[in-house]
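Chain and residue survey
Listed below, chain by chain, are the residues.
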Amino acid sequence: MADLRKRVTNKKTTDVDTETENEGFNQDSDANLDLDSEDDKSLGNKIDLSNTIPSGTDKAPELLDATLSSLPPRWRNWVIRGIFTWVMIFGFALVIYAGPLALMLVVLAVQVKCFAEIINIGYAVYKIHGLPWFRSLSWYFLITSNYFFYGESLVDYFGVVDNRTEFLRALVKYHRFISFSLYIGGFVWFVLSLVKRYYMKQFSLFAWTHVALLIVVTQSYLIIRNIFQGLIWFIVPVSMIVCNDVMAYMFGFFFGRTPLIKLSPKKTWEGFIGGGFATVIFGLLISYVLCQYPFFVCPIEFNEELGRMTLDCEPSPLFRPQEYTVPASLAPVVRMITGKNTVMIIPFLLHSLSMSVFSSVIGPFGGFFASGFKRAFKIKDFGDIIPGHGGIMDRFDCQYLMATFVNVYISSFIRMDSPQKLLQQIYSLKPELQLELFTALRDSLTTRGILQLPAP
């Protein structure tokens, strides 16, 4: 009897051990499922791309590097950075001189390069190079997004031209449906490309691609919209960011003592404040100069008679001096200087002041965001295409934030539909609808006494 009890006890113990082993096996299996592939095991929780993503901060052409080899590293970097800053400024001026079309093409090229730099980091993080179609899919979504956004601009500003031929008329009419169909095609393509062992990686990069599109493509679309409102709405904000970046670096280099933010250890309060004051002064000066020339202040419109884009117009009151009454507290001082309680100010200078404050106070946070992103992956720059500066994204991180602000600012405080744009929309209507609109407008103007019709 005792032997029988012993055998039963041993059996139960064996069963418990077996269940424990099975549970351990299941836990190991579940743990193994958390890793998509062998690459993930080597990746672990530590991500260091310093040896994968090239850095351009310390890079220089061989001849220049040899010439400056005797300088201390700090001053060597200062000289290289200064030289290529002026190269970029002169290049920017040359593109502006070439006209709005060249400017838009440069914006598109910058957008593509920024997208490539962000996507390359994603590839390096997830070691995805061997997966099928993902690189192709990323660029496919970029092309699709640009087709949608740039098509929207063409429809808004060149509706008359687009409706001249049957083919373009169909593209305009079904533009959003075509864009949606292209995106759905990419979505289906992505689902069909999924590989069992790489689900997590592929979905992570799918999200990475869409965030890159949101940051880069959407912002570049807003830049194009700003350009159509007049070159001044592009040149002034971009110049403010450049000025703030340069002057903050200069003040920080020579006077910086107090760290500003941990995300970017080299940034100082002295540079932040000095760059802010310099940007406000610079913004007012460049705004005053550009307001004197119709080329910079006129919106870009299509001239049907000339068959091309034009920048000829009568500058709006926004860019002409207007008389303002000063507050009572400042009236005695102004009266001592001018002899009256009013001052003549170009209204755009007041808007320029708002933009300069934003570019000085909020604009740098675009750079801080990019710094945090780079520190997360232990990289110094987004690339090495610009010696002394890094990648294209390193120089445009603040520009995209500024572009959004300017577009929202114009929509909220400035923009009014121009007669030319309204006419383009009317011309795109069917003839019977144009006639109906004409009749309704004529009757309304006659009723209000604005239009006097000749007696029958």
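Predicted model, so just to flag it, every value in this text is computed and none were measured.

**Some thoughts on the packing of helix α4 (residues 73–98) against helix α5 (residues 100–126)**
- Interaxial distance between α4 and α5 falls to 5 Å at its minimum, and their mutual angle equals 130 degrees. Taken together, the axes of α4 and α5 lie oblique to each other. Two secondary-structure elements touch here, α4 through V95, I96 and A98 and α5 through A102, L103 and V106.
- By residue class, the composition of the contact of α4 with α5 is six nonpolar, no polar and no charged.

**Re the UniProt feature "transmembrane region" (unreviewed entry) in the protein**
- In the numbering used here, UniProt assigns the "transmembrane region" (unreviewed entry) feature to residues 78–97, 137–154, 174–193, 205–224, 230–256, 268–290 and 345–370.
- Strand forms 4% of residues 345–370 and helix 85%; the C-alpha atoms that close the span are 38 Å apart.

**A word on empty space enclosed by the protein**
- On inspection of all chains with the given rule, the structure shows one cavity of 30 Å³ or more.
- Volume-wise, the largest cavity comes out at about 30 Å³.
- Considering the residues around the largest cavity, the lining is formed by F134, L137, S138, F141, F190, F206 and T209.
- For the lining of the largest cavity, the elements supplying multiple residues, two or more each, are α6 (134–157) and α10 (199–228).
- Here the lining of the largest cavity gets four residues from one element, more than from any other, and that element is α6.

Calculation notes
Residues numbered from 1 in each chain as written. Predicted model: local features only at pLDDT ≥ 70, side-chain atom pairs only at ≥ 80, totals over all residues. Heavy atoms only, no water. Axes fitted to C-alpha atoms, helices over the stretch in contact; angles between N-to-C directions. Helix = DSSP H or I, 4+ residues; strand = E, 2+ residues; numbered from the N terminus. Parallel < 35°, antiparallel > 145°, perpendicular 65-115°, else oblique. Contact = heavy atoms within 4.5 Å. Nonpolar A, V, L, I, M, F, W, Y, C, P; charged D, E, K, R; others polar. UniProt positions renumbered as here; feature names shortened; annotations may be inferred. 1 Å grid on protein atoms, 1.4 Å probe; cavity = no way out; pocket = protein on both sides within 12 Å on 5 of 7 lines; lining within 4 Å. Points joined across faces, edges and corners; volume = space filled by probe spheres on them.

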